[in-house]
Amino acid sequence: MNTERVMTIARNALYFEDYVLSIQYFNQVINARPYLYEPYFFRALAKINLEDFQGAEADCDAAIQRNPFVVGAYQIRGLARIRQSKFDGAIEDYKQALHYDPENISLWHNLTLSHMQKKDYDAAKDDLESLMKVAPRYTRAYLMRGEVFLQQKDTIAALSDFNKALELDKYDPDAWAARAIVQLQQEKYAEAESDFDRAIHLSAKNAGNYINRALARFHQNNLRGAMNDYDLALDIDPNNFIGHYNRGLLRARVGDDNRAIEDFDFVIQMEPDNMMAVFNRGLLRAQIGDYRGAIEDYTTVIDQHPNFLAGYYQRSEARKKIGDRKGAEQDEFKVIKAQLDKHNGVVSKDVAQDNKGEEDKDTEEDKTRKKSDKNMNNYRKIVIADDSETNQRYTSDYRGRVQDKNVNIKLEPLFALTYYEKMSDVKRSVNFHKFIDDMNHSGILPKRLLITNMESPLSEEQVKFHFALIDTHTSAIVEDDKSAAKRFARAIDFYLVQDFSSAVSDLTQSILLDEKFFPAYFMRALIRCKQLEYQKAEQANDSDLPGGNTTKEIGAVDYEIVRKDLDKVISLAPDFVYAYYNRANISAMLKDYRAAMADYDKAIELNPDFADAYFNRGLTHIFLGNNKLGISDLSKAGELGIVSAYNVIKRFTEQPE
């Protein structure tokens, strides 16, 4: 292999932000020349862009081990450590890198941020002093020092630094936004709006600036302008929680009830336990005459907050509307009793909490609440973000990042023996077993048999072809009814045209003719598993119909027959790695995670590059609460070509063990 050429292609892919593809090429170079530091370093760069911070750190370790003088490796490892909240390790890396390159602005920048994350503000100021000596016109230094002053509650010094940053570069949108946020805190709403206007003009795709300008407009009673800003923010970032919640509140204020409900539906989908959103939706449902929907929402809130009096009051009103006098009276009694108790000075702890702030006047400060505020009486207040983390300053917006594609967190599917495979965006390893290869060379089968878990649906022509093949195989079986291989061949055709019962029947005949023919056991297990999945789906559909479902639910016992076939495959062909994998998947489906783990371990032992096994073992670790081990396995799966691993890593990196 021409490693230099492969390395050039890999770096080219990295430059054009095709990170997953670049990793595949770096893997080839590493396999050919494991002593080189460059492929590890560049693979770390690709991984950090995919937000696989653990994998990036491990690759930097390997690069530094091979060449301890590469400044970039310390820089990338430092960033990977920051993103894993390993700030002490990051500080060590940046100091080591600065030893070799003392005038590197990026290193000083991230060293400062690491100290800020540790709340070591004096050290951060020392770093910034050094940075300003190296680069006196570097505006980010003033923005960061302004942020340090804000953390120390010195808004005057912060404002001075933000003004200095604007003096140095009036085209920096972050400088305008930073000054605007201080003005919001000082309740100078018109000035804040003006500065956000400038920030948005310079950076039109920053959703946060629209969200914050909406707040400035809201405080000036410009509700239409605020709503317009939330619309723009949600065009850029459709999943923005604050945007949907606040737009829902404002739509409710101007009587746009149906669209307000849509916003709260979205919030509740994102956060099903957000009781303020549920209560607001209940009020809106009542407003449009959907009293049963409103009662359902009020009941959800009351179940969570049994002493939230507004909930009982609103539910009693809704119950009156549908003629439920008894229910309405019960709710009214609860409210009256609480009011009498309060009058007599007998207030339960929960009621005190739920009614905290009830008497407050609606001052400017009281119009808003922090996102983390769970006081139910603040349900009408506009939400503002909790104190923003400084890590926003060192995240960059990369285009085409696969980890941002929304994927469902589910196991990679079972392997099958089939003739067709979906094309993958990323080339993964070819699945091989000698026995299957020998079958392909024997000429018994009409097409080359593949081992894959990326099965492709048949085209119309292929369906016709396989129906015709079934007839051909039937004639061959009539002539020679003692051939296990011919039965197996017809079974594959039945499987491809979705005739599972006929396929299982042929596979069973094949096993009776040759009890050591393990592919028949393997395919019978797969098809039976698919039959069970189909039955489960049918039962779920039936249960939604009037009369419900009377058939026995599919359970672990039903899967035993599938497991027995896979046990048989393993006893006949202990090196057939896909049987361990499929058996592990069955165990994981049945939530028998320990058994699944043992089989994934064995599959990986037999094939150390088995991407799907790493992915599923990673998920299994996460299901068991071992996030660190899970992320390590997912990182390896991503490295080996399973693109969706990076999305899962992103979701679970910040989850506690």
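Our structure is the block above this text.
Residues numbered from 1 in each chain as written. Predicted model: local features only at pLDDT ≥ 70, side-chain atom pairs only at ≥ 80, totals over all residues. Heavy atoms only, no water.

Teacher, can you tell me more about the overall build of the protein here?
Across its full length, the protein carries 32 helices and four strands. Within the span of the protein, comprising 657 residues, buried residues form 50% of the whole. Of the contacts made within the protein by residues no fewer than 6 positions apart, 57% connect residues no fewer than 24 positions apart. Carbon together with sulfur atoms contributes 48% to the accessible area of the protein, which is approximately 33000 Å² in total. (Helix = DSSP H or I, 4+ residues; strand = E, 2+ residues; numbered from the N terminus. Buried < 20%, exposed > 50% of the residue type's maximum accessible area, 1.4 Å probe, protein only. Contact = heavy atoms within 4.5 Å. Areas by Shrake-Rupley, 256 points an atom, 1.4 Å probe, with all protein chains shown as cover.)

Help me understand the nonpolar core, please; the structure alone is not making it clear to me.
The tendency in soluble globular proteins is for nonpolar side chains to be buried side by side. Ranked by size, the top nonpolar core spans 186 residues in total, and within it Tyr 245, Phe 488, Phe 522, Met 523 and Phe 576 carry the most contacts. By residue number, the principal contributor to this core is helix α26 (residues 518-543), which donates 10 residues. In contact with Tyr 245, other than residues within four places in its own chain, are Phe 264, Val 267, Asn 274, Met 276, Ala 277, Asn 280, Arg 369, Tyr 379, Lys 381 and Val 383. (Core = buried A, V, L, I, M, F, W, Y, C linked by side-chain atoms within 4.5 Å.)

Before we go on, may I ask you to explain the pattern of salt bridges in this structure?
Pairing is possible between side chains of opposite charge, provided their charged atoms come close. By the definition in use, this model includes 50 salt bridges. Note that Arg 145 and Asp 161 form a salt bridge whose closest N and O atoms lie 2.8 Å from each other. On the criterion of sequence distance, the pair formed by Arg 145 in helix α9 (residues 139-151) and Asp 161 in helix α10 (residues 155-168) is long-range, its members being 16 residues apart. When its relative accessible area of 25% is taken as the criterion, Arg 145 is described as partly exposed. Across the pair Arg 315 and Asp 331 runs a salt bridge whose closest N-O atoms are separated by 2.9 Å. (Salt bridge = Lys/Arg side-chain N within 4 Å of Asp/Glu carboxyl O.)

How do you make sense of empty space enclosed by the protein when you look at a structure like this?
Empty space left among the atoms is revealed by rolling a probe the size of a water molecule over them. Evaluation of the coordinates by the stated rule reveals one cavity of 30 Å³ or more. Here the largest cavity defines a volume of roughly 40 Å³. Forming the boundary of the largest cavity are Leu 414, Phe 522, Ala 525, Leu 526, Cys 529, Val 562, Leu 566, Asn 582 and Ile 586. At the level of elements, α26, α27 (556-572) and α28 (577-589) are the ones that each hand at least two residues to the lining of the largest cavity. Of the residues in the lining of the largest cavity, the class split is eight nonpolar, one polar and no charged. (1 Å grid on protein atoms, 1.4 Å probe; cavity = no way out; pocket = protein on both sides within 12 Å on 5 of 7 lines; lining within 4 Å. Points joined across faces, edges and corners; volume = space filled by probe spheres on them. Nonpolar A, V, L, I, M, F, W, Y, C, P; charged D, E, K, R; others polar.)

So what exactly am I meant to see when it comes to the packing of α27 against α28 here?
Packed helices, taken two at a time, are described by their axes: the angle between them and the distance between them. Two numbers describe how α27 lies on α28: the axes approach to 9 Å, and their chain directions differ by 160°. The angle between α27 and α28 falls in the class roughly antiparallel. In this structure, α27 meets α28 at a crossing whose hand is left-handed. In this structure, α27 uses Tyr 559, Val 562, Arg 563, Leu 566, Asp 567, Val 569 and Ile 570 to contact α28, whose residues at the interface are Ala 579, Tyr 580, Asn 582, Arg 583, Ile 586, Ser 587 and Met 589. (Axes fitted to C-alpha atoms, helices over the stretch in contact; angles between N-to-C directions. Parallel < 35°, antiparallel > 145°, perpendicular 65-115°, else oblique. Left-handed = near helix turned anticlockwise from the far one by under 90°.)

Got a minute to help me understand the environment of Gly 289 in this structure?
Within the secondary structure layout, Gly 289 lies in the loop between α17 (275-287) and α18 (291-304). Residue classification places Gly 289 among the partly exposed residues on the basis of a relative accessible area of 39%. The spatial distance from the C-alpha of Gly 289 to the C-alpha of Ala 318 is 9.1 Å, given a sequence separation of 29 residues.

Explain the packing of aromatic side chains here, please?
Here the distance between the centres and the angle between the planes together describe a pair of aromatic rings. By the definition in use, this model includes 25 aromatic pairs. Here Tyr 74 and Tyr 100 contribute two aromatic rings whose centre-to-centre distance is 6.2 Å and whose plane-to-plane angle is 40°, an arrangement assigned as tilted. A residue pair is termed long-range when its members are at least 10 positions apart, and Tyr 74 in helix α5 (residues 71-83) and Tyr 100 in helix α6 (residues 87-100) qualify at 26 residues. Residue classification places Tyr 74 among the buried residues on the basis of a relative accessible area of 6%. For Tyr 100, a relative accessible area of 32% translates into the label partly exposed. Measuring from centroid to centroid gives 5.0 Å for Phe 279 and Phe 308, while their planes differ by 75°, and the two rings are edge-to-face. (Phe/Tyr/Trp six-rings, centres within 6.5 Å; stacked < 30°, edge-to-face > 60°.)

Any chance you could explain the environment of Thr 368 here in plain terms?
Mapped onto the elements, Thr 368 comes out in strand β1 (residues 368-370). The buried category is assigned to Thr 368, whose relative accessible area is 15%. In sequence terms Thr 368 and Leu 215 are 153 residues apart; their C-alpha atoms lie 9.1 Å from each other. For Thr 368, the contacting residues outside a window of four places in its chain are Leu 215, His 219, Lys 381, Ile 382 and Ile 384.

What is the right way to look at unusual backbone geometry in this model?
Glycine aside, negative phi is the norm for most residues, and most peptide bonds take the trans geometry. In the Ramachandran plot, Lys 153 falls in the positive-phi region, its phi being about 65° despite a non-glycine side chain. Take Lys 153: it is sitting in the loop between α9 and α10. The phi dihedral of Lys 591 falls on the positive side, at around 65°, and the residue is not glycine.

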